[in-house]
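# Summary of the model geometry
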Amino acid sequence: MTKIPLFMGKSLGFDRYMVSMSVKYCNLPCFFTKAIVDTGCPYTIISESTLKKTRIPYNDKPFKCQVQLGNIPLELKELGICELQFRDENGNIIKFKQEIYVGIPIMKGYLAQELPSFIGKDLMDTNFISVINKKDGSSHLYLDD
């Protein structure tokens, strides 16, 4: 049984379960990000604002679909298979290979905050991951080994 700790973070105006992770794309160095754990989101998405801080090319990637994040339309582009790395409660690194998408806002104007990244249902279902909330207020991702 493996537990990856979650924390509460404010994003898009609400407190949400979030997780820290590093992402490895091809032979480029890993980059760190935090993501909302969203059991209703069908895809694992890295925000464009996060990718702009790396050397990862994404503008020429294939279009997957358009989705709505609240009232903000996002274009999803296929980044490809990446390695996601998390730390469990004992500090061990847990790795997953996962298809990742880039979420690019399709709107003109100024966004008051960066759009978040998401851990979606695809990663959770493929790897049999559950969100567990405990009576003591702690929460974690649970992997049945």
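Residues numbered from 1 in each chain as written. Predicted model: local features only at pLDDT ≥ 70, side-chain atom pairs only at ≥ 80, totals over all residues. Heavy atoms only, no water.

## Structural notes on the side chain of S139
Its place among the elements puts S139 in strand β11 (residues 139–143). Since its relative accessible area comes to 8%, S139 is described here as buried. (Helix = DSSP H or I, 4+ residues; strand = E, 2+ residues; numbered from the N terminus. Buried < 20%, exposed > 50% of the residue type's maximum accessible area, 1.4 Å probe, protein only.)

## Brief notes about the sheet that holds β11
Pairing within the open sheet is antiparallel, and its three strands lie in the order β1-β11-β10. Sheet topology places β1 (2–5) and β10 (129–133) at the edges, where each strand pairs with a single neighbour. On average, each strand axis in the sheet is inclined to that of its neighbour by 30°, with strand direction left out of account. Where β10 meets β11, five bridges bridge the pair, whose relative direction is antiparallel. Looking at the pairing, S130 lines up with Y142 of β11. (Pairing = 2+ DSSP bridges. Axes fitted to C-alpha atoms, helices over the stretch in contact; angles between N-to-C directions.)

## Remarks on the nonpolar core
Within the largest apolar cluster, 29 residues are counted, with the highest numbers of intra-cluster contacts made by I4, M21, L51, L79, F86, F96 and I119. Among the secondary structure elements, those contributing two or more residues to this core are β3 (14–24), β4 (31–37), β7 (72–87), β8 (93–105), α2 (121–126) and β11. The dominant element in this core, judged by the number of residues it contributes, is β8, at five residues. Residues contacting L51, with those up to four places away along its chain left out, are F31, I46, I56, Y58, L79 and V102. (Core = buried A, V, L, I, M, F, W, Y, C linked by side-chain atoms within 4.5 Å. Contact = heavy atoms within 4.5 Å.)

## A word on the pattern of salt bridges
One side chain can pair with another of opposite charge once the charged atoms of both are near each other. For the structure shown, the criterion picks out four salt bridges. Among the ionic pairs, D15 bridges to K10, the shortest N-O distance being 3.6 Å. Judged by its relative accessible area of 62%, K10 is exposed. One salt bridge in this structure joins K77 and E75, with 3.9 Å as the shortest N-O distance. Assessed through its relative accessible area of 11%, K77 is described here as buried. (Salt bridge = Lys/Arg side-chain N within 4 Å of Asp/Glu carboxyl O.)

Any link to function would need more than the numbers given here.
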